[in-house]
Each structure stands twice: as structure tokens, then as C-alpha cells.
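The lines below spell out each chain.
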Amino acid sequence: MNRSNPGLLVSFEGTEGSGKSTLIKGIHAHFKQRGYRVLATREPGGCPLGETLRTLVLSSSMHPKTELFLYEAARSEHFHQVILPALSTPTLVLCDRFTDSTLAYQSYARGLPWEEVNTLNNLASSVQPDLVVFLDIDPEKGLKRARNPNRFEAEGVEFQAQVRMGYLKARTENPERWFTLDDQHFRTLIPTLVQELWRRFGKALECMKI
Ligand code: TMP
């Protein structure tokens, strides 16, 4: 793969309760304990203004376009303050949600035009993930598992099913950049993903050892 940054950007995507955060913690611990430069961050959030915007966008319902712009504003700040500087050094950046969340939630599920959301994603962040890790679980199971209910979870299983369809559409646009983990990997998520990261990015990862 021809990459312009020494760092690697891996985003984690999925419907509510898919287990992204637990997987990120596990992958972060795995590389950290072995002496690699690794950063775990999240969207919306990941920096002071990003976290303020997160509280705002998750706290009350709003017009879908307002929602879109708040997510993109949070992304722009987080991308320029945190992700881009990290990628300019040999660092494994693990991001809980990124641009594909906006395609799945604001475009596919809320109905905003796909190409326009793509354009705003590219304006807010000039780098695409090197890998999108997609946790593909049954949206109904996920909702039952979700620990910190937010207003998207309150919209129920139909909404989550739409979000999942949005992810499947995004995956068809760049299948080679996606790695899907499903129920079949439930017990071996961390070793399966670690193996895939080494298979794809072995040389780049070697340079991340401190
Ligand atoms: P989280 O609960 O996984 O941390 O994500 C926060 C919520 O924000 C989740 O319901 C998904 C939603 N979201 C969007 O709707 N669009 C986006 O672009 C992002 C990053 C998150």
C-alpha cells in the first residue's frame, strides 16, 4: 500500500453496542505492552472542543443537517489537533468511529445525500483510514448490550438496521480497506485483528516500536 504518513489510521465502526470500545482497549493494551507507539481516540470527541461538541450533539434532537455539521465540526477539530499530528509520526492511531459513521448515520439512516456527506467528510479530514474495522453484529442484540444509552439508541432497532445498511453500502465503495468481524470471531476478536494488522501493515508497524 502506498501511504504518505509514517503513522497508520485504523477506524472502528459498528452499530450501537457492537463492542468497539472494548476491542479498542484490548488492541491498545496489546501494542502498548509490547512497546509500540499507539494512540486510542474517538469521534465525536478526542480533544477538548470535540468533547464539548459531543455533549452538544448527543444531548438533544436537532435538524439532521445541524447534526451533520456538528459531527463534521467535531471531526475537523479532532483531525487537525490530534489525528494528523499523530500520523506524522510512526504511531498506530485507533479511532472509535470516523467518516463512515457519518455516511451510515447522517446519510443512509437520516437520508442526507451520500455524495454531499462524502464531500464534507473529505473537507473535515484529508486522510482516509488505512483500515476500517467493522464490527457487524445483529442490531437488536447490540441495542440490548449497549451500556450508555444515547438518543440514537432510543430511536430503536429499525434505525440501527438502517445504520447497518449504510455501513454495508460504504464497504462496497472500498472493500479492500475494510475488515469485518462478526459473531464468528466473538471469542477471538483481539488475536484475529492483531494478526490482520501485521498481515497488512507489518513493515509500518515495525517502525512504531519505541
Ligand atoms: P459512540 O456512542 O459510539 O461513542 O458514538 C456516539 C454516537 O454518535 C453514536 O450514536 C453514533 C453517532 N455518530 C453519528 O451519528 N455520526 C458520526 O459521524 C459519528 C462520529 C457518530
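Look up: the structure comes first, before these words.
Novice: I tried to follow the overall build of the protein chain on my own but got confused; where do I start?
Specialist: Helix and strand counts for the protein chain come out as eight helices and five strands. The N-to-C order of helical and strand elements in the protein chain reads β-α-β-α-α-β-α-α-β-α-α-β-α. Computed over its C-alpha atoms, the radius of gyration of the protein chain comes to 16 Å, within 12% of the 17 Å expected for a compact globule of 210 residues. Counting only C-alpha atoms and orienting by the principal axes, one finds that the protein chain spans roughly 45 × 35 × 30 Å. The buried share of the protein chain, reckoned over its 210 residues, is 40%. When contacts within the protein chain are restricted to residue pairs at least 6 apart in sequence, those whose partners lie at least 24 apart make up 79%.

Novice: I would appreciate a short explanation of the nonpolar core in the present structure.
Specialist: In this structure, V10, L92, V93, L94, A104 and V133 are the most contacted members of the largest nonpolar core, which totals 46 residues. With seven residues, helix α3 (residues 64-87) is the single largest residue contributor to this core.

Novice: It is not clear to me how the site of the ligand should be interpreted in this structure. Could you clarify?
Specialist: Residues in contact with the ligand, as listed here, are E16, R42, E43, P44, Y71, R97, S101, T102, Y105, Q106, N150 and F152. The greatest single-element share of the shell around the ligand, amounting to four residues, is contributed by helix α4 (residues 99-109). Of the residues that constitute the shell around the ligand, the class distribution is four nonpolar, four polar and four charged.

Novice: Sorry if this is basic, but what is going on with unusual backbone geometry here?
Specialist: The phi angle of most residues is negative, glycine excepted, and most peptide bonds adopt the trans form. Note that the residue after E43, namely P44, is joined by a cis bond; omega there is -10°. When you line up the elements, P44 lands in the loop between β2 (38-42) and α2 (48-59). Backbone geometry places R97, a non-glycine residue, at a positive phi of 75°.

Novice: Explain the environment of C207 here, please?
Specialist: Mapped onto the elements, C207 comes out in the segment after α8 (189-206). Look at C207 and you get partly exposed, because 15 C-beta atoms sit within 10 Å. Linking C207 and Y36, residues 171 residues apart in sequence, is a C-alpha distance of 8.7 Å. In this structure, C207 is in contact with P6 and P90, ignoring residues within four places of it in sequence.

Novice: I would appreciate a short explanation of the packing of α4 against helix α7 (residues 156-173) in the present structure.
Specialist: When two helices pack together, you describe them by how their axes are tilted relative to each other and by the distance separating the axes. Packing of α4 against α7 leaves a shortest axis separation of 8 Å and a crossing angle of 125°. The orientation of α4 with respect to α7, classified from their angle, is oblique. The crossing of α4 and α7 is right-handed. Along the contact surface, α4 presents D100, L103, A104, Y105, S107, Y108 and A109, while α7 presents F159, Q162, V163, M165, G166, Y167, K169 and A170.

Novice: How should the sheet that holds β2 be read in this particular structure?
Specialist: Across a sheet, paired strands are connected by hydrogen bonds in the backbone, their directions being either parallel or antiparallel. An order of β2-β3-β1-β4-β5 is seen for the five strands of this open sheet, with the pairing classed as parallel. Bordering the open sheet on either side are β2 and β5 (178-181), each of which pairs with just one other strand. Between one strand axis and the next, the sheet turns through 20° on average, direction left out of account. Sheet topology places β2 next to strand β3 (residues 92-96); five bridges connect them, and they run parallel. The partner of L39 across the bridge, within β3, is V93. Of the strands in this sheet, β1 (8-14), β2, β3 and β4 (131-135) are in contact with helix α1 (residues 20-33), which crosses β3 at around 165°. In the packing of α8 onto the sheet, the strands contacted are β1, β3, β4 and β5, and the crossing angle to β5 comes to about 165°.

Novice: What is the right way to read the environment of G35 from this model?
Specialist: Its place among the elements puts G35 in the loop between α1 and β2. By the C-beta count within 10 Å, which is 10 here, G35 ends up exposed. Each C-alpha atom of the pair G35 and G50 lies 28 Å from the other, and the pair is 15 residues apart in sequence. Beyond its immediate stretch of four places on either side in the chain, G35 contacts K209 and I210.

Novice: Honestly, helix α5 (residues 114-124) in this entry has me stumped. Any pointers?
Specialist: Three- or four-residue spacings in an α-helix give side chains the same orientation, since the helix completes a turn every 3.6 residues. The set of residues buried in α5 consists of V117, L120, N121 and A124. Projection of α5 onto a plane perpendicular to its axis shows the buried side chains occupying an angular sector of 105°, all on one side. Exposed residues on α5 whose side chains face more than 90 degrees from its buried face are E115, T119, N122 and L123. Packing partners of the buried residues in α5 comprise α3 and α4.

The rules behind the values
Residues numbered from 1 in each chain as written. Predicted model: local features only at pLDDT ≥ 70, side-chain atom pairs only at ≥ 80, totals over all residues. Helix = DSSP H or I, 4+ residues; strand = E, 2+ residues; numbered from the N terminus. Rg over C-alpha atoms; globule rule 2.2 N^0.38 Å. Buried ≥ 20, exposed ≤ 12 C-beta atoms within 10 Å, placed from the backbone. Contact = placed C-beta atoms within 7 Å. Core = buried A, V, L, I, M, F, W, Y, C linked by C-beta atoms within 7 Å. Near = placed C-beta within 6 Å. Nonpolar A, V, L, I, M, F, W, Y, C, P; charged D, E, K, R; others polar. Axes fitted to C-alpha atoms, helices over the stretch in contact; angles between N-to-C directions. Parallel < 35°, antiparallel > 145°, perpendicular 65-115°, else oblique. Left-handed = near helix turned anticlockwise from the far one by under 90°. Pairing = 2+ DSSP bridges. Arc of directions from axis to C-beta.

Remember, this is a structural readout, not a statement about activity or role.
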